[in-house]
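# Residue-level structural notes
Below, each chain spelled out in residue letters.
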Amino acid sequence: MLLFFALGLLVHFVFFASIFDIYFTSPLVHGMTPQFTPLPPPARRLVLFVADGLRADALYELDENGNSRAPFIRNIIMHEGSWGISHTRVPTESRPGHVALIAGFYEDVSAVAKGWKENPVEFDSLFNESKYTWSWGSPDILPMFAKGASGDHVYTYSYDSKRQDFGAHDATKLDTWVFDNVKDFFHHARNNQSLLSKINEEKIVFFLHLLGIDTNGHAHRPSSRDYKDNIKKVDDGVKEIVSMFNHFYGNDGKTTFIFTSDHGMTDWGSHGAGHPSETLTPLVTWGAGIKYPQRVSAQQFDDAFLKEWRLENWKRLDVNQADIAPLMTSLIGVPFPLNSVGILPVDYLNNTDLFKAESIFTNAVQILEQFKVKMTQKKEATLPFLFTPFKSLSDSKEFDILRKARSYIKHRKFDEAVSLCKELIHLALKGLSYYHTYDRFFLGINIAIGFVGWISYASLLIIKSHSNLIRSVSKEVKKPSHLLPCSFIAIGILVAFFLLIQACPWTYYVYCLLPVPIWYAVLREFQVIQDLVASLLTYPLSHFVGYLLVFTLGTEVLVLSFFYRYMLTIGLTAFAAWPFLTQLWTRAKVTSLSWTFFSLLLAVFPLMPVVGRKPDISLVMGAGLLVLLLSLYVVTSLTKRKDSFTKEELLVHLLQVLSTVLSMYVVYSTQSSLLRKQGLPLRNQIISWATLASSLIVPLLSSPALFQRLFSILLSLMSTYLLLSTGYEALFPLVLSCLMFVWINIEQETLQQSGVSCKQKLTSIQFSYNTDITQFRQLCLDDIRRAFFLVFFLVTAFFGTGNIASINSFDLASVYCFLTVFSPFMMGSLMMWKILIPFVLVMCAFEAVQFTTQLSSKSLFLIVLVISDIMALHFFFLVKDYGSWLDIGTRQLLVCTAWLCICISASPNRLWIPSDPGLDLNLLHAIHACISHYVIVMSMTIFLVFLNGLAQLLTTRKLRLCGKPKSHLM
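Model, not experiment: these values are computed from the prediction. Residue positions within a chain follow its written sequence, with the count starting from 1. Totals for whole chains, interfaces and linings use every residue, but because this is a predicted model, local features are given only for residues with pLDDT of at least 70 and side-chain atom pairs only at 80 or more, for both listing and counting. Here the side-chain values reflect all heavy atoms present in the structure, with hydrogen atoms and water set aside.

### Thoughts on the overall build of the protein chain
Per the convention used, a helix needs a DSSP run of H or I reaching at least four residues, while a strand needs a run of E reaching at least two, with both numbered from the N terminus. In terms of helices and strands, the protein chain carries 35 helices and 8 strands. Contacts between residues were defined by any pair of non-hydrogen atoms, one from each residue, lying within 4.5 Å. Partitioning the contacts of the protein chain with sequence separation of at least 6, the portion at a separation of at least 24 is 81%. Carbon and sulfur atoms form 62% of the exposed surface of the protein chain, whose accessible area is close to 39000 Å². All accessibility values rest on the Shrake-Rupley procedure with a 1.4 Å probe; residue burial counts only the protein chains present in the view.

See below:
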C-alpha cells in the first residue's frame, strides 16, 4: 500500500505538471534577423515614464472640484500630444507589464518561479536594441532588462529594496528619489565629457520607473488621499524632468516622451487579475514624431469614460500594451525587439505616409520571421506525412502579400499597404498560435487516457482490498496469461519509437508512456471487474441508479462550487437538513440541532464578498474575544472533572490563551502604527513570528485526549490566523471548527446507527500513534459519504474565507503584522499558510473521525483521491483557449492559494500568445479559470498526503516540558 501511495503521488505530480507543458510552454523562438525601418527616425532619444500601479481613471478623471490631479499631463493631452488607454493582459503584475511594454511580448511563465526578478529565457527588448539606456527605479524591475541585454550599454540606478515598505514612511519618496537622481545625473554629465558624449548620441533611451503610486495603492487603497496626492507629485516630477530635458538639449525637438503604467489596481489595493481597473492603464505621448491633439466631434467606444473624464473632444487612441514597444522602436529608429508581437499603432505617428507604411511593413516582416522559425522548428520535429501546415498563411500567400505590400508602397498607395501589412500580422500571429499549440490535442488525449486509467485502478483497489462488495462472488482464479504483459510492452515500445523519430522532448515520453502501465494494472484486475459486474447485477437496479445519481450530483456540486461560491451555501444547507432525513434526529436531537445550526452558520461565509472588503479590525478583535470565551468555557468544563488537567497541560492552555491575547494586541497595535505611518513596530514583528513558529509545537504539549488535543490545535492556529486577518475571515476558522467538533459527534452516532459494535465514549478516546490495525473495518456505502464530506469541507475551507483564483483577491495587509517590506515569496508563503490553516483544522477533525469510526485512513483516502481526480478530470476537459466567461459558465474571478497565485496560478496566461492581440480580455479569464481550477484540485490531491501527515503529527504526538509522564483519568 505504501508503494501505491508513492506511485500515486508521482502520477499526480505528472498530471499536475502536464497542464503547464500542454498550455504554457514558452512561445519564444530564436534565430530571427533584426528588422528596422529603413528611413531616418523622427527622434534621437526617448524618455519612458512608467508610473507603476496607476489606473487610467485615476489619471484622467477630474477631482470633486473639477480639477485634474495631473494638470501637466492633461495639458499635454489637450495641446501637445496623443493619448489613449493601454489595455494590459493578465496577470496584471509589474514584471509582465514591463516586459510587454519594453519587449513587446507577454511574459514567460517560468519567470514567476524566480520572483519576477530574473530572466528564465533570453529575450530581446527595446533597451537591448538601443545604443544606450539609462534607467532609474525599483531593484525588482531594472535588473531584468540589464541582464538580458547584450554588451554593456544598459545602465541601472536603483534604491535599496528596503525602501519598498508598505507601512513605514511616505511612499512618494520612491518617486522623488528617481526624479532627484535623474537631475543629478544630468548635472554630473555637464562635467563628464565621456558621459556627455554618450547622452548626446542618437537611439538612446531614458527609463524612469516610478513605484510610489503602486506602493501607496497597496498600503492605503487607490481611493485614498495618499494615492491621489502621489499622482500629483508624479505629475510635478514629470513636468520638471521634461523641462530639464528640453533645456539640456536646447529644445532641439528630437526628444519623444511616453508616459504610461504597467498595470492598474483594484479598489481594494491589489492587482493580478483582469478587472478593468487593473487592465486599463493610461498612455500619453508627446514630442518628436508624435501627432498633436486631434479635435473631434464624436467618438465611438463601448465605455462612457470620455464623458466621465471630459475628454470627448480629444481623439482617444487605444492600444494593446505590447503595441507600445514597436511604437518606441520606430520613433528612435532601432530594430524591433525580436520576440515582439505588438502591432505598430501608426495613428500615433506624426510623420510621412511613406514612413508609416515602411514602419508597419517592417513590423509585419519582424513578426513573420517568428512565424517562419516556429514553423520550421515544428516541421523538423514532425514526420512529413503527419505534418499539417497552417493553411491560412502558406508560403505562396506569404510571398504574395509581401510582394503586394511592397508594390503598394512603391506606387504610393500607403493606406492599402498599411491595411495589407496589418492583415499579414494577424495571419502571422494566428500561425504562431497554431504552431505553438500544435501538439496540444495529442498530449491532452494521452493525459486524459492516463487520468481515466488511474481513476479506474484506484476504484478497483478500493473494491478489491477495502470492501466486501465482491466477497460473496467466488470465481476460480485463472492462471495469468503472458499475452497481456507482452501486448503492453509492445505498445510501449511502439509509442517510444514514435516519439524518438520525432525528436520529442523527454516530457512527451512521460505523458505518452504513463497510460501504458496504468492500464496494464487495470486490466490485470480483470477478475475483480468480472466479480464487480456480477455483484452489481444482484443489486436492485433502483438502488444502484439512486446511489449513482446522488454521487454524480454531489460531485457536480463540488465542481460548480469552483465557479459559483453560492453552491457551497446550497451544499451546506443540504447538510443542515441531512439529520432530519435519517434516524439521527430521533437518536441525538442536541447533536442534530448543533449540526444544523453550525452548518447554516458556515453557509453564510460563501455569500460574503470575495474581494473588496475593507479592513475591519473590530471583527478580528471580536473573533479573538470569542476564542477567549470559548477557552474559558472549555477550561471550566474540564476542570470540573477530576484530574482532567495536569499542571503541565493547564500551563500549556494558559500559554495559548496568552498567545491569543498577544495576537489581538499585535493586530490592533500594528493597525494603529500603520495608520500613523510609523511602520511595523519591531516588538510586534517579533511576537508575530514567535507565535507563528510556536503554533505547530505547543499543541504537542497538550493532552492526547481527543477533544483536548483538537481544542489545543484550534487555539494555536487561531492565534496565527488572527495575525493574518483583516476582517470577517477571522471568524471563519472558529465556526468551521465548531462544525468539525459536531461532525465528530454525529459520525459516532451514525456508526452506532449502522450497527457497528464497541462504541466508545468520545471523552474516553485518546489519539494514539500506534494504532491496532485489527480494529479497522471494511468500507461501506456510508464511508463514501464521509469521504465526500471531507472533500466538501476542504473546498469550503478554501472558498469560505473569500479566496478567488487570482492574485488580486489576496490583500497584502494580511501580512503586515509580520513584514511590510515587499518580499514576494515571503508574503506569498504567509498567505499560503493562512489558506492552509482551515485545511489543517479539517484534516485534524477527520483524523478524529477515522479514530471514532474505526476506519483506515488509507481506505478513506483512496475514496477522496477518486473524488478529487474526477473533479480534476472535469476541469481538464474544460480547459480551452477560446470563448468567454459565459462559455465555461463562470461570472467570477477564480480561486487559488496565495502561494499558487504567486508561484503557479499567476503564471497562467504568461506564455500564451493569442492569435489576435485585440482579443477580448474575457478570453484570457476563460483560460485562467479552468487552468486555475485544475491546478487547485490537483494541488489539493497532492497536499492531502502532506496535510494528512501533519494532522497525524499534531494529533498523535506528545511532547513534555519536564518531569515524568502524567496519567489522565477521563
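### Remarks on the environment of A576
Counting through the fold element by element, A576 comes out in helix α23 (residues 566-577). Residues A576 and F597 lie 21 residues apart in sequence; the distance between their C-alpha atoms is 7.3 Å. With residues near it in sequence (within four places) discarded, A576 still touches W595, T596, S599 and L600.

### Quick word on the confidence of the model for the protein chain
pLDDT measures the predictor's confidence residue by residue and takes values from 0 up to 100. The predicted model of the protein chain averages 83 in pLDDT, with 84% of residues at 70 or higher. Overall, residues 112-116 carries pLDDT values under 50, and its contacts beyond four positions in sequence, including any with other chains, amount to 19 contacts. The low-confidence segment residues 964-970 (pLDDT under 50) makes 18 contacts with residues lying over four places distant or belonging to another chain.

### Re helix α25 (residues 589-602)
For a helix, the expected span equals 1.5 Å multiplied by the number of residues minus one. Under the 1.5 Å per step criterion, the end-to-end length of α25 is 20 Å for 14 residues, consistent within 8% with the ideal 20 Å. Every buried residue of α25 is accounted for by T591, S592, W595, T596, F598, S599 and L602. Burial classes follow relative accessibility: with a 1.4 Å probe on protein chains only, a residue under 20% of its type's maximum area counts as buried, one over 50% as exposed, and anything between as partly exposed.

### Here's the deal with the sheet that holds strand β4 (residues 154-158)
Following DSSP output, two strands are said to pair if at least two bridges run between them. In spatial order, the strands read β4-β3-β5-β1-β6-β7-β2-β8; together these 8 strands make up an open sheet with mixed pairing. Strands with a single pairing partner mark the edges of an open sheet, and in this sheet they are β4 and β8 (319-320). The pairing of strand β2 (residues 82-87) with β8 spans 2 bridges and is parallel. In the sheet register, S86 faces β8, and the bridge partner there is V319.

### Considering the pattern of salt bridges
Each salt bridge in this description consists of a side-chain nitrogen of Lys or Arg and a carboxyl oxygen of Asp or Glu lying within 4 Å of one another. Tallying each qualifying case throughout the model produces 23 salt bridges. D318 serves as the salt-bridge partner of R316, at 2.9 Å between the closest nitrogen and oxygen. Residue classification places R316 among the buried positions, given a relative accessible area of 4%. For the salt bridge of K464 with E525, the shortest nitrogen-to-oxygen distance reads 3.3 Å. One end of the pair, K464, is in helix α17 (residues 440-465); the other, E525, is in the loop between α20 (515-524) and α21 (526-537), and 61 residues separate them in sequence. On the basis of relative accessibility, which here comes to 39%, the residue K464 falls in the partly exposed class. Each member of the salt-bridge network shares a partner with another, and the members are E747, D782, D783, R785 and R786.

### Section: the layout of surface pockets
Both cavities and pockets are sets of points on a 1 Å grid over the protein atoms alone; in a cavity a 1.4 Å probe fits but cannot get out, in a pocket the set is open with protein on both sides within 12 Å along at least five of seven lines, and lining residues sit with an atom within 4 Å of a point. Grid points are joined across faces, edges and corners, and a volume is the space filled by probe spheres set on the points. Each pocket or cavity is described by its volume, and for the largest pocket that value is around 1700 Å³. Forming the boundary of the largest pocket are 40 residues, of which Y547, L548, F551, L781 and I784 lie nearest the centre. Elements with a contribution of two residues or more to the lining of the largest pocket: α17, α21, α22 (541-561), α23, α31 (781-799) and α33 (857-878). Considering only residue class, the lining of the largest pocket consists of 30 nonpolar, 7 polar and 3 charged. The residue classification treats Ala, Val, Leu, Ile, Met, Phe, Trp, Tyr, Cys and Pro as nonpolar and Asp, Glu, Lys and Arg as charged. All others, Gly included, are polar.

### Details of the pairing of strand β1 (residues 45-51)
In terms of burial, β1 is largely enclosed, as 7 of its 7 residues are buried. Burial of the side chains of β1 extends over both faces: R45, V47, F49 and A51 are buried on one face and L46, L48 and V50 on the other. Across 7 bridges, the pairing between β1 and strand β5 (residues 204-210) is parallel. Residue pairing for β5: V50 is matched across the bridge by H209. Where β1 meets strand β6 (residues 255-260), 6 bridges bridge the pair, whose relative direction is parallel. Bridged to F49 within β6 is F259.

### Let's talk about the state of the cysteines
Pairs of cysteine sulfur atoms within 2.5 Å are identified as disulfides in what follows. Tallied over the entire structure, the rule returns 0 disulfides. C504 takes part in no disulfide bond, and the closest cysteine sulfur to it belongs to C512, at a distance of 7.3 Å.

### Notes on a nonpolar patch on the surface
Note on patches: the residues involved have over 30% relative accessible area and no salt bridge, like charges join within 9 Å, and the nonpolar side chains Val, Leu, Ile, Met, Phe, Trp and Tyr join within 5 Å. On the surface, a nonpolar cluster with roughly 890 Å² of combined accessible area is contributed by L536, Y539, L541, F544, V545, Y547, L548, L549, L781 and I784. Those elements that place two or more of their residues in the nonpolar patch are α22 and α31. In terms of residues, the nonpolar patch owes the most to one element, α22, which gives 6 residues. Here I784 shows up in helix α31. Taking the relative accessible area as the measure of exposure, I784 reaches 31% and is therefore partly exposed.

### Brief notes about the environment of F442
Among the secondary structure elements, F442 is positioned in helix α17. In this structure, the C-alpha to C-alpha distance between F442 and C512, residues 70 residues apart in sequence, is 9.0 Å. Those residues in contact with F442, other than ones at most four positions away along the chain, are F498, L499 and C512.

### Comments concerning the packing of α22 against α33
Whenever a helix is involved, its axis is fitted only over the stretch in contact; in every case the axis is a line through C-alpha atoms, and angles between N-to-C directions fall within 0 to 180 degrees. One way to put it is that α22 packs onto α33 with a least axis distance of 10 Å and a crossing angle of 60°. Considering the angle they form, α22 stands oblique to α33. Where α22 crosses over α33, the handedness of that crossing is right-handed. Each of F551, T555, E556, L558 and V559 in α22 lies in contact with α33, whose residues at this interface are I867, I870, M871, H874 and F875. In this scheme, roughly parallel covers angles under 35 degrees and roughly antiparallel covers those over 145, while 65 to 115 is roughly perpendicular and the rest are oblique. Handedness of each helix crossing follows the sense of rotation of the near helix against the far helix: counterclockwise by less than a right angle gives left-handed, clockwise gives right-handed.

### Regarding the packing of helix α18 (residues 483-500) against α20
At a minimum axis distance of 10 Å, the contact between α18 and α20 shows a crossing angle of 165°. Here α20 runs roughly antiparallel to α18, going by the angle between their axes. Once α18 is placed against α20, the crossing between them reads as right-handed. The residues of α20 that touch α18, namely those facing L484, P485, F488, I491 and G492, are V516, W519, Y520, L523 and R524. For the contact of α18 with α20, the class distribution of residues is 8 nonpolar, 1 polar and 1 charged.

### Thoughts on the nonpolar core
Nonpolar cores are built from buried Ala, Val, Leu, Ile, Met, Phe, Trp, Tyr and Cys residues. Side-chain atoms within 4.5 Å join them into one set. Counting 148 residues, the largest nonpolar core has W595, W743 and F793 as its most contacted members. Within the second largest apolar cluster, 70 residues are counted, among which are L344, A364, C421 and L432.

### Considering the environment of S737
Here S737 is to be found in helix α30 (residues 732-753). S737 gets classed as buried once you look at its relative accessible area, which sits at 3%. Note: C-alpha distance between S737 and C844 (107 residues apart in sequence) is 9.9 Å.

### Regarding the packing of aromatic side chains
Only centres within 6.5 Å qualify two rings of Phe, Tyr or Trp (six-membered ring in Trp) as a pair; their planes then separate them into stacked at under 30 degrees, edge-to-face at over 60, and tilted for everything else. All chains considered together, the criterion is met by 62 aromatic pairs. On the numbers, 5.1 Å between centres and 65° between planes, the contact of W743 with F793 is edge-to-face. One end of the pair, W743, is in helix α30; the other, F793, is in helix α31, and 50 residues separate them in sequence. Using a relative accessible area of 0% as the deciding quantity, one classes F793 as buried. Here the aromatic rings of F798 and F839 are separated by 6.2 Å at their centres, their planes lie at 85°, and the arrangement is edge-to-face.

### Describing the pairing of β6
Burial within β6 is extensive, with 6 of its 6 residues counted as buried. Side chains T255, F257 and F259 project from β6 onto one buried face, and the interleaved T256, I258 and T260 project onto a second face that is buried too. In this sheet, strand β7 (residues 280-287) lies alongside β6 in antiparallel orientation, the contact comprising 5 bridges. Opposite T256, over in β7, you have G287 as the bridge partner.

### A look at the side chain of T591
Its place among the elements puts T591 in helix α25. With near-sequence residues (within four places) excluded, T591 lies in contact with V742, N745 and I746.

### Let's talk about the side chain of S712
Position of S712 relative to the elements: it lies in helix α29 (residues 706-723). Polar side-chain contacts of S712 include one of 3.4 Å to the side chain of S702. Under this definition, polar contacts are N or O atom pairs within 3.5 Å; protein pairs additionally need one hydrogen-donor-capable and one acceptor-capable atom, and for neighbouring residues in sequence, both atoms have to be side-chain atoms.

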